[in-house]
Amino acid sequence: MSHSMFEVRVAAIEEVAPMIREFCFEPVQGSLPSFSPGSHILVEMPARPRPYRNAYSLLSDPRDARHYRIAVRLQERSRGGSRFMHEQVQCGDNLRISAPANLFAPYWPAKKHLLIAGGVGITPFLSFLPEFVRRQQNFELHYLFRSQQTGAYRDSLRQGLGQALHLYDSSQGQRCDLHALLARQSPGTHVYICGPQSLIDTVTFLAQELGWPRSCVHFETFTAAQPGQAFSVELARSGQTLAVEPEESLLEALEGAGVDLPNLCRGGVCGQCVTRVLEGAVEHRDAFLSAEEKSRQDCIMPCVSRAQGHHLKLDL
Amino acid sequence: MSAMAMIKSRPIYAQPRRDERAKMHLFVHQGTIDARLDALYQALAESERALCCLASTEERSLLESELARLPLASALYVAGEEAFLWDVRNLARQQGWVDEQIHLAPPLQGQRRVFCTHCYSLMEGVRFSPVICTGCARPLLVRDHFSRLHGAYVGVQINVEDPADLPEEEPLT
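Treat the numbers as computed from the prediction; the structure is a model and nothing was measured.

Criteria and cut-off values
Residues numbered from 1 in each chain as written. Chains lettered and ligands numbered in written order. Predicted model: local features only at pLDDT ≥ 70, side-chain atom pairs only at ≥ 80, totals over all residues. Heavy atoms only, no water. Pairing = 2+ DSSP bridges. Helix = DSSP H or I, 4+ residues; strand = E, 2+ residues; numbered from the N terminus. Phe/Tyr/Trp six-rings, centres within 6.5 Å; stacked < 30°, edge-to-face > 60°. Buried < 20%, exposed > 50% of the residue type's maximum accessible area, 1.4 Å probe, protein only. Lys NZ or Arg CZ within 6 Å of the ring centre and 35° of its normal. Core = buried A, V, L, I, M, F, W, Y, C linked by side-chain atoms within 4.5 Å. Domains from an automatic or database assignment. Contact = heavy atoms within 4.5 Å.

Asker: Describe the sheet that holds strand 13 (residues 231–235) of chain A, with residues and values.
Answerer: Residue and element names in this part refer to chain A. Read from one edge of the open sheet, five strands run 14-13-19-15-17, paired in mixed fashion. The open sheet has two free edges, formed respectively by strand 14 (241–244) and strand 17 (299–300), since each of these has just one partner strand. The pairing of strand 15 (residues 275–279) with strand 19 (residues 311–314) spans two bridges and is classified as antiparallel. Across the sheet, Val 277 pairs through a bridge with Leu 314, a residue of strand 19.

Asker: Before we move on, could you go through the packing of aromatic side chains and cite the residues and values that matter?
Answerer: In this description, an aromatic ring pair is defined by two values, namely the gap between the centres and the angle between the planes. The full count for this structure, using the stated rule, is 16 aromatic pairs over all chains. Pairing Phe 132 of chain A with Phe 139 of chain A gives two aromatic rings, centres 5.3 Å apart and planes at 45°, and the pair type is tilted. Just as Phe 132 of chain A is buried, Phe 139 of chain A falls in that class too. Ring geometry for Phe 27 of chain B against Tyr 77 of chain B: centres 4.6 Å apart, planes inclined by 15°, an arrangement best described as stacked. In this pair, Phe 27 of chain B is assigned in strand 1 (residues 24–30) and Tyr 77 of chain B in strand 3 (residues 74–79), connecting sequence segments 50 residues apart. The exposure class assigned to Phe 27 of chain B is buried, which follows from its relative accessible area of 0%. These aromatic residues form a ring-pair network of at least three members: Phe 104, Trp 108, Phe 125, Phe 128, Phe 132, Phe 139 and Tyr 192 of chain A. Seen from the ring of Tyr 41 of chain B, Arg 49 of chain B lies directly overhead, with NZ or CZ sitting 4.2 Å from the centre.

Asker: Any details on the nonpolar core? Residues and values, ideally.
Answerer: Ranked by internal contacts, the top residues of the largest apolar core, which has 32 residues, are Leu 26, Val 28, Leu 63, Leu 67, Leu 76, Val 78 and Met 123 of chain B. In terms of residue count, the dominant contributor to this core is helix 3 (residues 82–94) of chain B (six residues). Counting only domains with at least three residues in this core, you end up with domain 1 (24–104) and domain 2 (112–171) of chain B. Residues within four places of Leu 26 of chain B in sequence aside, it is in contact with Ala 50, Leu 51, Cys 52, Glu 66, Leu 67, Leu 70, Ala 75, Leu 76 and Tyr 77 of chain B. In this structure, Ala 71, Leu 115, Ala 164 and Leu 165 of chain A belong to the second largest nonpolar core, which totals 26 residues.

In structure tokens:
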């Protein structure tokens, strides 16, 4: 890893929605590094045959350095990370985490912050809100969820936010008219989206249709690597050849062979792990490279992307 | 002057084209209308354009009300002297506009607003370097180092080491 990992202790685990568990971490020694609203950490889960490392947003108040809190939704089609967190991790266990990094900070000069959360996508906004209140920012939170699965933190949000909170429970047929919501915003509004890819795609599409400047639209999605077919990867500089298993990401395979690449998100967002491709076609699955860069087929984000065929040769 | 050419903060301007994303287009001119921007303006339907002619940003309340009135999906085109362009851009940003929406037409070269790094005075329409600071009377070398916040080039005292060493005036580009 390019960044140092350190140990924390699981101080509490709480079920905050039917499929979402909150984990509270406390330092094993010393204190926790401070963080800014929108930050995330990588959590390493000591699974076999290889550890999982997933990114989770910090949802605690950035001013509270005593604890870090994260929320983990059990993914039905998980490669194992969320299942490990839900089924294996107990109170009192030690886990290794990275220092916080931020790829989703609020744009402070905005006149208004329009937050749109889908399900467990509420988490980064929970670290925005205390700071918004302290800085007297103009904001609205629109929270879309299914109460039979998600919808955590509604009661505390209701108490803290009042009029600024808008809830839409699709289990009760409540829908958010995203087009109308975006269409009524005035200049200086920035929209932030966190949730499923379909929500992000819908809002970014509507914003484009409505003529919003791109730089007023911010989103974050951490999707852990999805499985694919096995392939082999040849490392041009070291001459090594590695096998990448269906359930394993290319980044994990490289790490397993002792090749450490810089990475912050492990979800195709931050761009740190970009690697030159010398041979083979890439199945791009990231949200970092532009369409033009993807079509050139000369680089890959190993955290999520894979080979289209059975072979890749990398400049490593 | 070859070292000066390397300074990255000096803005590079391109003739504005229609911002295809925008639904409303605001044109701000200093004094007379720039012919090339006027062509862009004329090509738009009346319902999707607005025009603001200002002698200077002293008339800022008119501009501010336009900037606040227009929808989020707007573009701003500005023509005039360089310092004026950046004053308008900074007013727009204060109203929540982002740089992506703001298009600055190439200004007339050869005159600059200068910011004195010693007494923080601003001087308008400076055509030669060195220039004597109107605030502190120091002779200032006018650099290509540009402050977007002030819309000004940085001026630093040129004869600190030897007060007798005062280079010839050179016209600014």
